[in-house]
Amino acid sequence: MTITFYLIFTACLLFFNIIALYGYFLFYQSRLNEHIYNEHVVPTLKYAYLIQAISLLIGYGALFCFSEDKTWFYEIKFLYFLGLVLLFIISGLLNKLKGGTVLSSLLELAGILGFVFILPKDSLPFKTSLPPEAVQALTGLGWFICYKFFCILADRFEGIVVIQSLHMGFAVLPILFFLSYSPVSLLQVIGVLFPIMLMLTPFYCVLHYKLPIQNPVRNVFCLLLTGFAFFALPTKNWGMSFLLIGYIIFELVVVLFRFFSNLLKRQKEPLFFFENLMNRTPYKATVIRVVLRYNLLTDITIFILIISDLQFQMILLTVLLFLKMYLNIMISDNKTGIIDLVKGAKETAQTGITETVSAVSFLKGTYEKKKEEKKGKQNDEQS
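On a predicted model such as this, the values are computed, not experimentally measured, just so you know. (Residues numbered from 1 in each chain as written. Predicted model: local features only at pLDDT ≥ 70, side-chain atom pairs only at ≥ 80, totals over all residues. Heavy atoms only, no water.)

1. Regarding the overall build of the chain
Next up, step 1: A count of helical and extended segments in the chain gives 18 helices and 0 strands.
Next up, step 2: Here the chain, with 383 residues, has 47% of them falling under the buried criterion.
Next up, step 3: Across the chain, contacts joining residues at least 24 apart in sequence account for 75% of those joining residues at least 6 apart.
Next up, step 4: Here the chain has roughly 19700 Å² of accessible surface; of this, 66% comes from carbon and sulfur atoms. (Helix = DSSP H or I, 4+ residues; strand = E, 2+ residues; numbered from the N terminus. Buried < 20%, exposed > 50% of the residue type's maximum accessible area, 1.4 Å probe, protein only. Contact = heavy atoms within 4.5 Å. Areas by Shrake-Rupley, 256 points an atom, 1.4 Å probe, with all protein chains shown as cover.)

2. Overview of helix α4 (residues 78–94)
Next up, step 1: Over its 17 residues, α4 runs 25 Å from end to end, which matches the ideal 24 Å to within 8%, given 1.5 Å per residue.
Next up, step 2: Among all positions of α4, only F78, F81, L84, V85, F88, S91, G92 and L94 are buried. Taken end-on, α4 shows its buried residues confined to a sector of 165°, consistent with a single buried face. In α4, the exposed residues that point more than 90 degrees away from the buried face are Y80 and L86.
Next up, step 3: Tucked inside the fold, the buried residues of α4 contact α2 (48–66), α3 (71–75), α5 (100–118), α6 (132–156), α8 (185–191) and α11 (215–231). (Expected span 1.5 Å × (residues − 1). Arc of directions from axis to C-beta.)

3. Side note on unusual backbone geometry
Next up, step 1: You will see that K77, though not glycine, has its phi angle at about 55°, which is positive.
Next up, step 2: Structurally, the position occupied by K77 is in the loop between α3 and α4.
Next up, step 3: Overall, the relative accessible area of 26% leaves K77 in the partly exposed class.

4. Structural notes on the layout of surface pockets
Gaps left between atoms are located by rolling a probe of water-molecule size over the structure's atoms.
Next up, step 1: Approximately 400 Å³ is the volume found for the second largest pocket.
Next up, step 2: Contributing to the lining of the second largest pocket are 14 residues, with E158, Y204, H208, K284 and I288 lying nearest its centre.
Next up, step 3: Among the elements of the structure, α10 (201–205) and α15 (284–308) are those that each provide at least two residues to the lining of the second largest pocket.
Next up, step 4: Counting residues per element, the lining of the second largest pocket draws most heavily on α15, at 4 residues.
Next up, step 5: Within the lining of the second largest pocket, the residues separate by chemical class into 9 nonpolar, 1 polar and 4 charged. (1 Å grid on protein atoms, 1.4 Å probe; cavity = no way out; pocket = protein on both sides within 12 Å on 5 of 7 lines; lining within 4 Å. Points joined across faces, edges and corners; volume = space filled by probe spheres on them. Nonpolar A, V, L, I, M, F, W, Y, C, P; charged D, E, K, R; others polar.)

5. A word on the packing of aromatic side chains
Next up, step 1: This model, assessed by the stated rule, comprises 40 aromatic pairs.
Next up, step 2: Arranged with centres 5.0 Å apart and planes meeting at 80°, the rings of F88 and Y147 form a pair that is edge-to-face. Taken as a pair, F88 in helix α4 and Y147 in helix α6 lie far apart in primary sequence, 59 residues in all.
Next up, step 3: Between F273 and Y326 the ring centres are 6.5 Å apart and the planes differ by 35°, which places this aromatic pair in the tilted class. Remark: Y326 occurs in helix α16 (residues 311–330) and F273 occurs in helix α14 (residues 273–278); sequence separation between them is 53 residues. Of the two residues, F273 and Y326, neither departs from the other in class, the shared state being buried.
Next up, step 4: Taken together, the ring pairs connect Y60, F64, W72, F73, Y74, F78, F81, F115, W143, F228, F230 and F231 into an aromatic cluster.
Next up, step 5: Between the NZ or CZ atom of K70 and the centre of the ring of F64, over which it lies, the distance is 5.6 Å. (Phe/Tyr/Trp six-rings, centres within 6.5 Å; stacked < 30°, edge-to-face > 60°. Lys NZ or Arg CZ within 6 Å of the ring centre and 35° of its normal.)

6. Remarks on the packing of helix α13 (residues 246–262) against α16
Next up, step 1: Packing of α13 against α16 leaves a shortest axis separation of 11 Å and a crossing angle of 45°. Comparing their axes, α16 and α13 come out oblique. For the crossing formed where α13 meets α16, the hand is right-handed. Touching G246, Y247, F250, V254, F257 and R258 of α13 are F322, M325, Y326 and M330, all from α16.
Next up, step 2: When the residues that make up the contact of α13 with α16 are grouped by side-chain class, the tally is 8 nonpolar, 1 polar and 1 charged. (Axes fitted to C-alpha atoms, helices over the stretch in contact; angles between N-to-C directions. Parallel < 35°, antiparallel > 145°, perpendicular 65-115°, else oblique. Left-handed = near helix turned anticlockwise from the far one by under 90°.)

7. So, α2
An α-helical turn contains 3.6 residues, so any two residues separated by three or four positions project in the same direction.
Next up, step 1: Compared with the 27 Å implied by 1.5 Å per residue over 19 residues, the 27 Å span of α2 between its first and last C-alpha is a close match.
Next up, step 2: Along α2, the residues classified as buried are A48, Y49, I51, Q52, A53, S55, L56, G59, Y60, L63 and F64.

8. Observations regarding the environment of V255
Next up, step 1: Looking at where V255 falls in the secondary structure, it is placed in helix α13.
Next up, step 2: In sequence terms V255 and P270 are 15 residues apart; their C-alpha atoms lie 8.6 Å from each other.
Next up, step 3: In contact with V255, other than residues within four places in its own chain, are F149, L271 and F272.

9. Section: the confidence of the model for the chain
Next up, step 1: Mean pLDDT for the chain: 80, with 80% of residues reaching 70 or above.
Next up, step 2: Within the chain, helix α17 (residues 343–348) has the poorest average pLDDT of any element, 40, and helix α9 (residues 193–198) the best, 93.
Next up, step 3: Within the model, the stretch residues 333–349 combines pLDDT values under 50 with 21 contacts to residues more than four positions away or in other chains. (pLDDT = per-residue confidence, 0-100.)

10. Observations concerning a nonpolar patch on the surface
Next up, step 1: A cluster of nonpolar side chains, contributed by L256, F259, F260, L263 and L264, occupies part of the molecular surface with about 580 Å² of accessible area.
Next up, step 2: With respect to the element layout, L256 can be found in helix α13.
Next up, step 3: A relative accessible area of 45% places L256 in the partly exposed class. (Patch = residues over 30% accessible without salt bridge, like charges linked within 9 Å, V, L, I, M, F, W, Y side chains within 5 Å. Salt bridge = Lys/Arg side-chain N within 4 Å of Asp/Glu carboxyl O.)

11. A closer look at the packing of helix α7 (residues 160–178) against α11
Next up, step 1: Running from N to C, α7 and α11 point in directions that differ by 30°, and their axes come no closer than 11 Å. One element, α7, and the other, α11, form an angle in the roughly parallel class. Considering how the two elements wind past one another, α7 and α11 form a crossing that is left-handed. In this structure, α7 contributes V161, Q164, S165 and M168 to the contact, and α11 contributes F221, L225, F228 and A229.

12. Topic: the environment of T44
Next up, step 1: Looking at the element boundaries, T44 is found in the loop between α1 (3–33) and α2.
Next up, step 2: Taking the C-alpha atoms as reference points, T44 and K210, 166 residues apart in sequence, are found 4.6 Å from one another.
Next up, step 3: Here T44 is in contact with Y28, Y209, K210 and P212, once residues within four sequence places are set aside.

Right, here's the structure in full:
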């Protein structure tokens, strides 16, 4: 499929998605206006994520049908992967049962391991002296851990599914246009995420609607987003695979680090990075803005990685960027950040870094202001 036909396909998919999503929104709005409420009601679009999930799955099925060269789809067993989605929907429904959490987790682990084992052994992400079966098991276990942690994060961090989808979709769009003479099927599949999930952002950023995500639908998105990163491994783009879920891995590392550090403290602190970020600002939009900006910097490193094959260097740069974000938020005495010690990192994304530092400074100022107000109230009460 050429880039021209891919754009036509994406435009058609987006058109039908807009009809479904905003048709549902107008229907809900008309029903809301028919009733008079005595108190403030937060508008809730219960099925918005479901509509987007169905749109994506239909889009991926159509993309497979319309693609002239289906080699990549057959190599990574893409149809089996779409079948795996159905299994994860069932596992999401099992959560409602007593003891369903353990049962669904075992079902998901078995599904991921089964899918990894049906892949050709020569498509394994790395070579080692271990038997191929052991490498497949370790690969599947790593995928399952990332998937399961993403599910936990999605339950706590409202909007992370949209943020991660926009990040992954936007990361590959410049590459698709840059490599327009030979589009890669993996990039085409990931690229569909951006326009479809972009349709949800007005409800978050403008209308401030509540968009609940049910367990089966959450499982679909978490499987898709972690699975697309996994599919980059057999293409030897292990760096791209790491960067696509960079923020997820960052949160996982922070949770582990803070869990063990909390063992030595009497006063326990939040484990997740975004929770600590929210404690320093009353505005959810500020938290989302900081994460989006660092994801944008990661998108830049992905683009450089693809066109230059500097995998280790781009991963190291991204690690430094996330480390800088952690230090700026968690350590109030830190003013410069580790990024100032690395000239190459500063030159790579100087504009984005400057804007992010401004956002972090705003968070610090808000936190200090709240701290002073709290201290003033305590002094007034004592007097």
